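Structural overview for review
These are the residues of each chain, in order.
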Amino acid sequence: MKSFKEIIGSLNELLFAKQPAKISSSWIYKNAPSIYRFISKKVRTEIGDIDWDKVVSSLNKDLQKKWNCRHSKTKRQWQALKWYRSRKEVNLVLKKHKNKIYTFLSPQTPEDRSARNAISVALVRISQKGNLSAKKEIISLLRFMVDYWVESFPVLFSWKGYESELEDQLETCIRRYRFTGSFTTYLFRCLEYRGRGLRPLCLYSLDEQMPLGEKRRIENVVQDPETNEIRLYKPY
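Now for a quick tour of the structure. The model shown is predicted, which means the values in this text are computed figures rather than measured ones.

Examining empty space enclosed by the protein
Throughout the structure, instances matching the rule amount to one cavity of 30 Å³ or more. In this model, the largest cavity occupies a volume close to 30 Å³. Residue lining of the largest cavity: Trp52, Asp53, Val56, Trp67, Cys69, His71, Arg125 and Phe179, and that is the complete set. Top contributing element to the lining of the largest cavity by residue count: helix α4 (residues 52-58), with three residues.

Below, the structure is given as structure tokens:
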């Protein structure tokens, strides 16, 4: 019986020989039925679906770009999904990786980052099927990581203060993820590009002391009696 490594080697050779413009599960089924049967039987996700992410990530880099993913959703498709809740599907993923959840807070090694990506992709794919429980779980895990990024990487500083927009962007990335290698790398790049259009907010604590004088900022907060606008008082 062939191993997964041997099957991927055979698939790489076939794809390089035929050079299809696009690659999909249907293409493999029609052009390499024996390889498809092996993948269908042996390469499964935690919830029993064929793990095409594992297959594609094992292909040559040039071939990965040709993968035609059926998982990603347009905004209209996302809204039209028949949403359901299944904590069981989420728990199957978390149980498999129960000792690696910490990687969303402090990955120490390349293996940790690989495990974090595996958890992310698994929950993203279940979310794309319409599982609200999975979407809530992955957004919760990603927020730990993204909050650290926003505080640590200058290219993401512009996201400070945009809590609602950040949550929306996380869901957008979950919805649109096809296969572009690591999901966490894809997410970082999306936040970097999207953040360029954000106007940096000036954030500070109202308990801070004013630059001049001994008053705290809260003591200079006033409300306009006509517009009800709340702002800092500036003497003229």
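Examining the nonpolar core
Within the largest apolar cluster, 58 residues are counted, with the highest numbers of intra-cluster contacts made by Ile28, Leu142, Phe183 and Leu187. Sort the elements by how many residues they give to this core and helix α9 (residues 132-152) lands first, with nine residues. Among all residues touching leucine 142, those that are not within four sequence positions of it are Phe104, Ser120, Leu170, Ile174, Phe183 and Leu187.

Observations concerning the packing of aromatic side chains
Summed over all chains, the structure comprises nine aromatic pairs. Considering the side-chain rings of tyrosine 177 and tyrosine 186, the 5.5 Å spacing of their centres and the 50° angle between planes classify their relative orientation as tilted. Tyrosine 186 carries the same exposure label as tyrosine 177, and that label is buried. Ring-pair connections join several aromatic residues into one group, and the members of that group are Tyr29, Tyr36, Trp52 and Trp67. Directly above the ring of tryptophan 83 sits lysine 135, whose terminal nitrogen or CZ lies 4.9 Å from the centroid. For lysine 160, the ring lying beneath its charged end belongs to phenylalanine 157, and the centroid distance is 4.6 Å.

The rules behind each value
- Residues numbered from 1 in each chain as written.
- Predicted model: local features only at pLDDT ≥ 70, side-chain atom pairs only at ≥ 80, totals over all residues.
- Heavy atoms only, no water.
- 1 Å grid on protein atoms, 1.4 Å probe; cavity = no way out; pocket = protein on both sides within 12 Å on 5 of 7 lines; lining within 4 Å.
- Points joined across faces, edges and corners; volume = space filled by probe spheres on them.
- Helix = DSSP H or I, 4+ residues; strand = E, 2+ residues; numbered from the N terminus.
- Core = buried A, V, L, I, M, F, W, Y, C linked by side-chain atoms within 4.5 Å.
- Buried < 20%, exposed > 50% of the residue type's maximum accessible area, 1.4 Å probe, protein only.
- Contact = heavy atoms within 4.5 Å.
- Phe/Tyr/Trp six-rings, centres within 6.5 Å; stacked < 30°, edge-to-face > 60°.
- Lys NZ or Arg CZ within 6 Å of the ring centre and 35° of its normal.

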